[in-house]
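# Structural overview for review
The residues making up each chain are set out below.
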Amino acid sequence: MSLAEELRFGQDDLLPVAVQDADSLEVLMLAFVDREALERTLETGLVHLWSRTRRALWLKGETSGRLLRVRELRPNCELSSLLVLVEQALPGACHTGHSSCFYRGYRGGRLTELSPQVFDPNEVYEDERASPLEELIGAYAWVRDQGRIEVSGTWRALRGPGPEPLTRALEEWDELLGVLEGTHSHEGFEEDAWLEAYQVLYWTCLHQVGEGLESAAALAHLVQ
């Protein structure tokens, strides 16, 4: 039986993963894998993960060159999470340029940076980062895929009964036009314009996510 068959993936078919430097024992990051990412990790010996933001499998360090080579895999007692001990090709496992994603501490009532950057992320990643809109759509897609989050209005809009997101988007578009034409008002022109524009964007994004059109595909449809 393979490791992927042994482990207990969550309702979203994802498994939380803690990545730790095998020599220094510094915790580098927390992430998720799906079955394919785990299989790729086992096949190549390099850490592959699942990005909940981009909704895609990715090879950690593919862009930056900071690959993580697996030395050991340790599942927890319930087989519901995984500790991955790694060797780093280059220092700096965090996309912020720090050695670890846990580079801050809560001290004196505020967050304090405890370690300096080991590389400049602006030079390494350039235009590889997701745009704010891609991240927003990715976040909505993650909410959609959760089993049950009744307290979330976004989850209910995507999974529960009620008007279709596209219908709401068209309604908010009519209200935005009303604000611009002076026939619809709440608080004032500027406040109302921002509010209705946000609502148009929100419900349009939910429509795209509901249709399974995410990230780059969703952006293409949004601008058509």
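Above: the structure in question.
Quick summary incoming for the structure in this document. All values reported here derive from a predicted model rather than from experimental measurement.

## Some details on the nonpolar core
- Of all hydrophobic cores here, the largest spans 19 residues; its most connected members are Val19, Leu28, Met29, Val33, Leu38, Leu68 and Val86.
- Where this core is concerned, the elements lending two or more residues are strand 1 (15-21), strand 2 (27-33), helix 2 (35-44) and strand 6 (82-88).
- Considering each element in turn, this core owes the most residues, four residues, to strand 2.
- In this view, leucine 38 contacts Leu3, Ala4, Leu7, Phe9, Val33 and Leu82; residues no more than four positions away in its chain are not counted.

## Digging into unusual backbone geometry
- Positive phi outside glycine occurs at aspartate 13, with the angle close to 65°.
- Tracing the sequence through the fold places aspartate 13 in the loop between helix 1 (3-6) and strand 1.
- Here leucine 25, not a glycine, exhibits a phi torsion of approximately 65°, which is positive.
- Looking at the secondary structure, you find leucine 25 in the loop between strand 1 and strand 2.

## Re the pattern of salt bridges
- Counted according to the given criterion, the structure contains seven salt bridges.
- When the shortest N-O distance is used, the salt bridge between arginine 71 and aspartate 23 registers 3.1 Å. Of the two residues, arginine 71 is situated in strand 5 (residues 68-75) and aspartate 23 in the loop between strand 1 and strand 2; the sequence distance between them amounts to 48 residues.
- Aspartate 23 gets classed as exposed once you look at its relative accessible area, which sits at 58%.
- Where salt bridges share partners, they join Asp23, Arg71 and Glu87 into one cluster.

## Section: the packing of aromatic side chains
- Under the criterion given, the structure shown has three aromatic pairs.
- Between tyrosine 140 and tyrosine 202, the ring centres sit 5.5 Å apart and the planes meet at 90°, which makes this aromatic pair edge-to-face. Taken together, the residues tyrosine 140 in helix 4 (residues 132-144) and tyrosine 202 in helix 7 (residues 189-210) connect sequence positions 62 residues apart.
- Exposure remark for tyrosine 202: the relative accessible area of 11% places this residue in the buried category.
- A connected cluster of aromatic rings, assembled from ring pairs, spans Tyr140, Tyr198, Tyr202 and Trp203.
- The side chain of arginine 66 reaches across the aromatic face of phenylalanine 119, ending 3.8 Å from its centre.

## Re a nonpolar patch on the surface
- Taken together, the side chains of Trp173, Leu177, Leu180 and Phe189 make up a nonpolar region of the molecular surface, amounting to roughly 410 Å² of accessible area.
- Element by element, the count of residues in the nonpolar patch is highest for helix 6 (residues 165-181), at three residues.
- Along the chain, tryptophan 173 falls in helix 6.
- Residue class for tryptophan 173 comes out partly exposed when judged on its relative accessible area of 43%.

## Regarding the sheet that holds strand 6
- Sheet architecture is open: four strands sit in the order 2-1-6-5, paired in mixed fashion. Looking at the sheet topology across the chains shown, the edges are occupied by strand 2 and strand 5. Within this sheet the neighbouring strands show an average axis-to-axis angle of 30°, counted without direction.
- Judged from the seven bridges that link them, strand 5 and strand 6 form a sheet pairing that is antiparallel. From the neighbouring strand, glutamate 72 faces strand 6, where its bridge partner is leucine 85.

## Some thoughts on empty space enclosed by the protein
- Summed over all chains, the structure comprises one cavity of 30 Å³ or more.
- Approximately 50 Å³ is the volume attributed to the largest cavity.
- Lining of the largest cavity is provided by Val17, Val33, Leu38, Thr41, Val47, His48, Leu49, Leu73, Leu82 and Val84.
- Contributing elements (two or more residues each) for the lining of the largest cavity: helix 2, strand 3 (48-51) and strand 6.
- The class makeup of the residues in the lining of the largest cavity is eight nonpolar, two polar and no charged.

What counts as what
Residues numbered from 1 in each chain as written. Predicted model: local features only at pLDDT ≥ 70, side-chain atom pairs only at ≥ 80, totals over all residues. Heavy atoms only, no water. Core = buried A, V, L, I, M, F, W, Y, C linked by side-chain atoms within 4.5 Å. Buried < 20%, exposed > 50% of the residue type's maximum accessible area, 1.4 Å probe, protein only. Helix = DSSP H or I, 4+ residues; strand = E, 2+ residues; numbered from the N terminus. Contact = heavy atoms within 4.5 Å. Salt bridge = Lys/Arg side-chain N within 4 Å of Asp/Glu carboxyl O. Phe/Tyr/Trp six-rings, centres within 6.5 Å; stacked < 30°, edge-to-face > 60°. Lys NZ or Arg CZ within 6 Å of the ring centre and 35° of its normal. Patch = residues over 30% accessible without salt bridge, like charges linked within 9 Å, V, L, I, M, F, W, Y side chains within 5 Å. Areas by Shrake-Rupley, 256 points an atom, 1.4 Å probe, with all protein chains shown as cover. Pairing = 2+ DSSP bridges. Axes fitted to C-alpha atoms, helices over the stretch in contact; angles between N-to-C directions. 1 Å grid on protein atoms, 1.4 Å probe; cavity = no way out; pocket = protein on both sides within 12 Å on 5 of 7 lines; lining within 4 Å. Points joined across faces, edges and corners; volume = space filled by probe spheres on them. Nonpolar A, V, L, I, M, F, W, Y, C, P; charged D, E, K, R; others polar.

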